[in-house]
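Chain and residue survey
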Amino acid sequence: MLRKLLENGCRAPALPTAVRSNVLRIFPTRNVTSDVAQQEDPNFHEMTEFFIENARYYVEERLANRADGPGKRPTPPEQKRQAVKGILDIVKPCNAVLAVNFPVRKDNGAIEVIHAYRAQHSHHRVPCKGGIRYSADVNIDEVQALATLMTFKCAVVDVPFGGAKGGIAINPHHYSDGELERITRRFTVELAKKGFIGPGLDVPAPDMGTGEKEMSWMVDTYDMTLGHGNINAYACVTGKPISRGGIHGRISATGRGVYHGIENFLRSESYCKIIGLSPGLKDKTFIVQGFGNVGLHSCRYLNRFGAKCIGVIERDGSIFNQNGIDPKNLEDYKLQHGTILGFPGAQMTTEDLLEAECDILLPAAGEKQITSKNAHNIKAKIIAEGANGPTTPAADKILKNKNILVIPDLYLNAGGVTVSYFEWLKNLNHVSYGRLTWKYEKESNSHLLGSVAESLKQGFGKDIPVQPTEAFKERIAGASEKDIVHSGLEYTMERSARRIMSVAKEYDLGLDLRTAAYIVSVEKIYGTYVAAGLTF
Ligand code: NAD
């Protein structure tokens, strides 16, 4: 019934108007509109809710029929159904949304009013976690959509946080560094005053238009104000520079995770067979939209492990080279010229590269880039969602019908939040990974080689040199922080991919990995509520 409604559409309830005052708002539950299943340009927040409802359709009945835990008094079926319904209702709306307006003095003396937001979607786990975006398009709906997505993203990769997201409605390129610093510091104070930042409350990170610089200002402001005297104050933000408590591997973590995510699915012979690709990354061609943090680092890793970047789409134009574009050279060129246009290793093109022939299309810019308007023309075999929300529900359905494998955002770009979690733990532990074991491991490995050599000498009566292999030589010195981060990330992406694949099989979802990933998350979040006693 719900499925029918979702597919055929029902009236959308009116959206809450944006809150433009300096107050905390708790929004009521909204019923998802199924119009989003058909719309060419759906509301982003409703789009996210639609995907949750879709997963709910599959899990609600199963959860209600699940046996009571051992030693529990059996619950009457109707009571249990109501309890499951109640818990699943809780996991949809944003718990708390903050909208603030504050003045900032520009370099020319003018005063501008800045509009900024932060949404905490779920407190089933704390702290809440999610990036801060600087973009002219930021609005309260977008922030809520992204916060919602964060809850499900954290759950799918077993990061024990609730979801959050923040944003400031500015184009950062139109402000000087001094102005950006004043805006960032003032926003941090507003967040701190209202309980929207803190190591155990809510932990922002970089997103579009922000990076280490902004995180550094945020942590400094928090440390000097509300966090003063709190030994854990530096855990209030992740994505910081190393010198300010950051972690090796965070900048490239999302891109590295994107590479691992794609690789995990390309390793599966059955998925490759359905979409008509040979298994493995080698020689696969890809086109990336957005050459920022996620796009660039995804390109680097995909290229390093054998795939070929043949096209890059940026805000101001696109470039193409069937023989391959070198990501490092393009990065250097962009840093020097501020644009990818004119890069000597490729040709500029006016063709819409989203619709060009390639094996993998990697949207790594904004949301709603693949819609019912262009989905029919997409020729890639895999859509790898580096960005958050790049595919609308209507497009998702078209892609499924075309046998295109969509590796969904909540799984694929979760590398960033995974390594942010490692950074947060590092800050709480007050010691970098590997610091205590590095020397001990190195010495243990040398002793191991020594004792093998000694045993051989005793057994054969002569010196037999024991040579470590090249791979062992690389590890003999013990694991650095970067090694630990990389291996933790790889393990996380592999384990989550396996779980998503097994749920897709269990529920007979075919190529619908998005629904599978949401089901994985919904079940985990439900489990947290039940474990907390919020049940029958
Ligand atoms: P970024 O600001 O570093 O880069 C975005 C790039 O996309 C910029 O180069 C910009 O010019 C380009 N761009 C913007 N609109 C475009 C358009 N319409 N067409 C082509 N190019 C366009 O941002 P980012 O951190 O790389 O984030 C990109 C996406 O990935 C966002 O959806 C973000 O929410 C998501 N994401 C980021 C992280 C992270 O760790 N930074 C983690 C998870 C998800």
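Residues numbered from 1 in each chain as written. Predicted model: local features only at pLDDT ≥ 70, side-chain atom pairs only at ≥ 80, totals over all residues. Heavy atoms only, no water.

On to the pattern of salt bridges. The tally for this structure, following the rule as stated, stands at 40 salt bridges. The closest approach of N and O atoms between Glu60 and Arg56, which form a salt bridge, is 2.9 Å. Here Glu60 pairs with Arg56, and both are found in helix H2 (residues 44-65), just four residues apart, close to one helical turn. Judged by relative accessible area, which is 19%, Glu60 ranks as buried. Here Asp207 ties to Arg133 by a salt bridge, and the two come within 2.8 Å at their closest N and O atoms. Residue Asp207 is found in the loop between strand S6 (202-206) and helix H6 (212-224), and its partner Arg133 is found in strand S4 (residues 128-134); the two are separated by 74 residues along the sequence. The buried category is assigned to Arg133, whose relative accessible area is 4%. (Salt bridge = Lys/Arg side-chain N within 4 Å of Asp/Glu carboxyl O. Helix = DSSP H or I, 4+ residues; strand = E, 2+ residues; numbered from the N terminus. Buried < 20%, exposed > 50% of the residue type's maximum accessible area, 1.4 Å probe, protein only.)

Taken together, 24 residues form the shell around the ligand, and within it Arg133, Asp207, Thr254, Glu314 and Asn388 come nearest. In this structure, Ala365 approaches the ligand through a main-chain N or O atom, which is 2.9 Å from an oxygen atom. Expressed as a share of its isolated accessible area of 830 Å², the protein-covered part of the ligand is 85%. Residue assignment for the shell around the ligand shows that the elements contributing at least two residues are helix H9 (293-304) and strand S8 (308-314). Looking at side-chain class alone, the shell around the ligand contains seven nonpolar, ten polar and seven charged residues. (Near = heavy atom within 4 Å. Polar contact = N/O pair within 3.5 Å; in protein donor to acceptor, adjacent residues only side chain to side chain. Areas by Shrake-Rupley, 256 points an atom, 1.4 Å probe, with all protein chains shown as cover. Nonpolar A, V, L, I, M, F, W, Y, C, P; charged D, E, K, R; others polar.)

For the rest of this paragraph, the subject is the sheet that holds S8. Within a beta sheet, neighbouring strands are joined by backbone hydrogen bonds and run either parallel or antiparallel to one another. The strand order across the open sheet built from seven strands is S10-S9-S8-S7-S11-S12-S13, with neighbouring strands paired in mixed fashion. On the outer flanks of this sheet lie strand S10 (347-349) and strand S13 (405-407), each paired with one strand and no other. Direction aside, the axes of adjacent strands within the sheet are offset by 20° on average. Relative to strand S11 (residues 360-363), strand S7 (residues 285-289) runs parallel, the two being bridged by four bridges. Across the sheet, Phe286 pairs through a bridge with Ile360, a residue of S11. Packed on one face of the sheet, H9 meets S7, S8 and S11 and runs near 170° to S7. (Pairing = 2+ DSSP bridges. Axes fitted to C-alpha atoms, helices over the stretch in contact; angles between N-to-C directions. Contact = heavy atoms within 4.5 Å.)

Across all of its chains, the model carries 14 aromatic pairs by this definition. Ring centres of Phe51 and Tyr518 lie 6.2 Å apart, and the angle between their planes is 25°; on these two criteria the pair is classed as stacked. In this pair, Phe51 is assigned in helix H2 and Tyr518 in helix H17 (residues 513-531), connecting sequence segments 467 residues apart. With a relative accessible area of 1%, Tyr518 lands in the buried category. Look at Phe161 and Tyr421: their rings are 5.5 Å apart centre to centre, the planes differ by 90°, and that puts the pair in the edge-to-face class. In this pair, Phe161 is assigned in the loop between helix H4 (140-156) and strand S5 (162-168) and Tyr421 in helix H13 (residues 415-429), connecting sequence segments 260 residues apart. Judged by relative accessible area, Phe161 falls into the buried class, the value being 1%. Ring pairs connect the aromatic residues Phe50, Phe51, Phe152 and Tyr518, which therefore count as one cluster. Its guanidinium or amino end placed over the ring of Tyr507, Arg62 lies 4.0 Å from that ring's centre, counting from NZ or CZ. Taking NZ or CZ as reference, Arg514 lies 4.5 Å from the ring centre of Phe51, over its face. (Phe/Tyr/Trp six-rings, centres within 6.5 Å; stacked < 30°, edge-to-face > 60°. Lys NZ or Arg CZ within 6 Å of the ring centre and 35° of its normal.)

This paragraph deals with unusual backbone geometry. The omega torsion of the bond from Val126 to Pro127 falls at 5°, within 30 degrees of zero and hence cis. Residue position: Pro127 is located in the loop between strand S3 (111-120) and S4. Even without a glycine there, the phi angle at Asn403 is positive, about 65°. Residue Asn403 is classed as partly exposed on the basis of its relative accessible area, which comes to 37%.

The next point concerns helix H10 (residues 327-337). Taken residue by residue, H10 has Pro327, Leu330, Glu331 and Tyr333 as its buried positions. One side of H10 carries all its buried residues, which in axial view fall inside an arc of 165°. The exposed set on the far side of H10, more than 90 degrees from its buried face, consists of Leu335 and Gln336. Summarising the contacts, the buried residues of H10 are in contact with H9, S8 and strand S9 (317-320). N-cap assignment for H10: the residue whose side-chain oxygen lies 3.1 Å from the backbone N of Lys328 is Asp326. Just past H10, the residue Gly338 takes up positive phi, approximately 75°. (Arc of directions from axis to C-beta.)

A few words on H6. Counted at 1.5 Å a residue, the expected span for H6 with its 13 residues is 18 Å, and the 18 Å between its end C-alpha atoms agrees. Along H6, the residues classified as buried are Glu214, Met215, Ser216, Trp217, Met218, Val219, Asp220, Thr221 and Tyr222. Tucked into the core, H6 has its buried residues touching S4, helix H5 (177-193) and S6. (Expected span 1.5 Å × (residues − 1).)

The next subject is the nonpolar core. With 94 residues, the main nonpolar core has Ile262, Phe265, Val312, Leu405, Tyr411 and Ile500 as its most contacted residues. With ten residues, the single largest contributor to this core is H17. Contacts of Val312, omitting those with residues within four sequence positions, involve Val288, Phe291, Gly317, Ser318, Ile319, Ile325, Leu330, Ile340 and Leu353. The next biggest cluster of nonpolar side chains, apart from the first, holds 27 residues, and it includes Ile132, Ala192, Val219 and Cys236. (Core = buried A, V, L, I, M, F, W, Y, C linked by side-chain atoms within 4.5 Å.)

Time to look at the packing of H5 against H6. Where H5 contacts H6, the two axes come as close as 9 Å, and the packing angle between them is 45°. When the interaxial angle is binned, H5 and H6 end up oblique. Judged by the twist between their axes, the crossing of H5 over H6 is right-handed. In contact with Asp177, Leu180, Glu181, Thr184, Arg185, Thr188, Val189, Leu191 and Ala192 of H5, H6 contributes Lys213, Glu214, Trp217, Met218, Asp220, Thr221, Tyr222 and Met224. (Parallel < 35°, antiparallel > 145°, perpendicular 65-115°, else oblique. Left-handed = near helix turned anticlockwise from the far one by under 90°.)

Read these as layout, nothing more, since geometry by itself doesn't imply function.
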